[in-house]
Amino acid sequence: VSKIILDCDPGHDDAVALLLAWGSPAIDLVAVTTVAGNQTLAKVTRNALAVARVAGIPPNTIPFAAGADRPLVRVQEVAAEIHGASGMDGPALPEPNIELDKRHAIDVIIDTVMSHPPGEITLVPTGTLTNIALAVRKEPRIAERVKEVVLMGGAIVGGNWSPCAEFNIVVDPEAAEIVFSAGWKVVMVGLDVTHKALATAAVRERILSLGTKPAKFADELFEFFKEAYRISQGFDAPPVHDPCAVAYVIDPTVFTLLQAPITVETQGKHTVGMTVVDTRYGKDGGADCKTFAATGINVEKFWDLVVDALQRIGDPE
Ligand SMILES: Nc1ccc([C@@H]2N[C@H](CO)[C@@H](O)[C@H]2O)cc1
Ligand SMILES: [Ca+2]
């Protein structure tokens, strides 16, 4: 069982990542932290607590903590055209029943990592990397204590916020550069694979047939996400990015990886936020390469994990 901290900005797909992490028997969700990204910090935090209620996460079990409310250097950008004004438009959101932890998210991350043996905690960021960058700057020792960082973000080729930059990276590229160069193992689950994790009609039928409230909630998320993605990016079905990072932790064989140096462009006029994956060094990425990029995904196995997790969550209320 993998112990993870989910650092997220719910976000329709972050919500599915949280449901997957909570429902999967292969994951021990030890903390949830939020970061400004898809929407403002207040909105994504409220959304995270609403998803926790849907998932039936009992109060006083897992710390939920809010983190950075803006990027390190640049002006905050949100993705309202995809996630709506609330950050999770579509389903009615239940009232939260979990009180936020008093600590800042980065202190929950640091305290959790430093209080567990080395190599036990996996960080799973599915939003901007502001919290992760601040945490490793405040307590550099987490870089050698964390098992690995498995993040949804970036792309080997392409982008969704510019022709060559993905939202989570480009909104805070300075934070991303800190994370990719901190010395810990980083697995980048980027658009190359997440754009294949589509919530098609068949997938939604499978999920709805579970007949539970969390399944219905997920389908209502997909309905809004589908329309937003159709209008803004011309997709027939919405790519559900964030649960791909959690799925990698559950079963790495669902993905194929490329070991290669990855750096983040922070100066480019046309290329800022690009994750530059250096494929010149062949299969092991050259000496002491700690960064990996996902190149392939078994989409059927991915959705099996999501359906299984929702099935195990059942109907908590
Ligand atoms: N257009 C768009 C913008 C942001 C996101 C969010 N950022 C990542 C994908 O770019 C995911 O974490 C998702 O929550 C998705 C689509
Ligand atoms: Ca996200």
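Residues numbered from 1 in each chain as written. Chains lettered and ligands numbered in written order. Predicted model: local features only at pLDDT ≥ 70, side-chain atom pairs only at ≥ 80, totals over all residues. Heavy atoms only, no water.

### Looking at the nonpolar core
Filter applied, for reference: Definition of nonpolar core: a set of buried residues of the types Ala, Val, Leu, Ile, Met, Phe, Trp, Tyr and Cys, connected through side-chain atoms within 4.5 Å. Relative accessibility under 20% of the residue-type maximum defines a buried residue, over 50% an exposed one, and the middle range a partly exposed one, all with a 1.4 Å probe and only protein chains included. A run of H or I in DSSP becomes a helix once it reaches four residues, and a run of E becomes a strand once it reaches two; helices and strands are each numbered from the N terminus. We call two residues in contact when some of their heavy atoms are within 4.5 Å.
Core analysis: the biggest nonpolar cluster contains 62 residues, and Phe64, Ile207, Val246, Phe255, Ile297, Phe302 and Trp303 have the highest contact counts within it. With nine residues, the top contributor of residues to this core is helix α13 (residues 299–313). With residues up to four places along the chain from it excluded, the contact list for Val246 reads Leu6, Ala17, Leu20, Ala21, Ile27 and Val124. Judged by nonpolar contacts, the second largest core, of 36 residues, contains Ile109, Ile132, Ala175 and Phe180.

### Some details on the sheet that holds strand β1 (residues 2–8)
Where we set the bar: Should DSSP find at least two bridges between two strands, the strands are regarded as paired. Between the N-to-C directions of two axes lies an angle of 0 to 180 degrees, each axis being a line fitted to C-alpha atoms and, for a helix, fitted only over the stretch in contact.
Overall, mixed pairing links the eight strands, which are arranged β3-β2-β1-β4-β5-β6-β10-β7 in an open sheet. Of all the strands in the sheet, just β3 (64–66) and β7 (255–259) have a single pairing partner and so form its edges. Averaged over all adjacent pairs, the angle separating strand axes in this sheet is 25°, with direction ignored.

### Looking at the site of ligand 1
The test is simple: Neighbouring residues are identified by heavy atoms, a residue being near a molecule or strand if any of them is within 4 Å of it. Under the rule applied, a polar contact is a pair of N or O atoms within 3.5 Å (in protein, one hydrogen donor and one hydrogen acceptor; residues adjacent in sequence only if both atoms are side-chain atoms). Exposure was quantified through the Shrake-Rupley algorithm and a 1.4 Å probe, taking into account, for residues, occlusion by the shown protein chains and nothing else. In the scheme used here, Gly and all other residues not listed as nonpolar or charged are polar, with Ala, Val, Leu, Ile, Met, Phe, Trp, Tyr, Cys and Pro taken as nonpolar and Asp, Glu, Lys and Arg as charged.
Looking at ligand 1, there are 16 residues lining it, with Asp13, Thr126, Asn160, Glu166 and Asp242 nearest. Residue Asn160 places a side-chain N or O atom 2.8 Å away from an oxygen atom belonging to ligand 1. Here Asp242 contributes a side-chain N or O atom positioned 2.6 Å from an oxygen atom of ligand 1. In isolation ligand 1 exposes 370 Å². Once the protein is present, 99% of that is buried. Of the residues belonging to the shell around ligand 1, the class tally is five nonpolar, seven polar and four charged.

### Focus on the packing of aromatic side chains
The condition is simple: To pair, rings of Phe, Tyr and Trp, with the six-membered ring standing in for Trp, must have centres within 6.5 Å; the planes then decide the type, stacked if under 30 degrees apart, edge-to-face if over 60, and tilted in the middle.
Here the structure, examined in full by the defined rule, presents six aromatic pairs. Geometrically, the ring pair formed by Phe222 and Trp303 is edge-to-face, given 6.1 Å between the ring centres and 85° between the ring planes. Residue Phe222 is located in helix α11 (residues 213–233), and its partner Trp303 is located in helix α13; the two are separated by 81 residues in the primary sequence. Judged by relative accessible area, Phe222 falls into the buried class, the value being 2%.

### What to know about unusual backbone geometry
Going from Pro10 to Gly11, the amide bond is cis rather than trans, its omega being -20°. Inspection of the secondary structure assignment puts Gly11 in the loop between β1 and α1 (12–23). With a phi angle near 60°, Asn60 is a residue other than glycine that sits in the positive phi range. You can see Asn60 is positioned in the loop between α2 (41–55) and β3. For Asp288, which is not glycine, the phi dihedral falls at a positive 55°. Position of Asp288 relative to the elements: it lies in the loop between β9 (275–277) and β10 (291–297).

### Here's the deal with a nonpolar patch on the surface
Heads up, the condition is: Like-charged residues within 9 Å of one another, or nonpolar side chains (Val, Leu, Ile, Met, Phe, Trp, Tyr) within 5 Å, are grouped into patches, provided each residue has over 30% relative accessible area and no salt bridge. A pairing counts as a salt bridge when a side-chain nitrogen of Lys or Arg comes within 4 Å of a carboxyl oxygen of Asp or Glu.
Together, Leu72, Val73 and Leu134 give the surface a local cluster of nonpolar side chains, amounting to about 230 Å² of exposed area. Turning to its location among the elements, Leu134 is positioned in helix α5 (residues 130–138).

### Quick look at the coordination of the calcium ion (ligand 2)
This is how it is decided: Only nitrogen, oxygen and sulfur atoms qualify as donors, and only when within 2.8 Å of the metal (3.2 Å in the case of Na, K and Ca); with water excluded, sites may look incomplete.
Taken together, Asp9 (OD), Asp14 (OD), Asp14 (OD), Thr126 (O) and Asp242 (OD) make up the protein donors of the calcium ion (ligand 2), found 2.2 to 2.6 Å from the metal. All donors of the calcium ion (ligand 2) come from a single chain, and their spacing in sequence reads D-x4-D-x111-T-x115-D. Residue Asp9 is found in the loop between β1 and α1, and its partner Thr126 is found in the loop between β4 (121–125) and α5; the two are separated by 117 residues along the sequence. Residue Asp9 shares its accessibility class with Thr126, and that shared class is buried.

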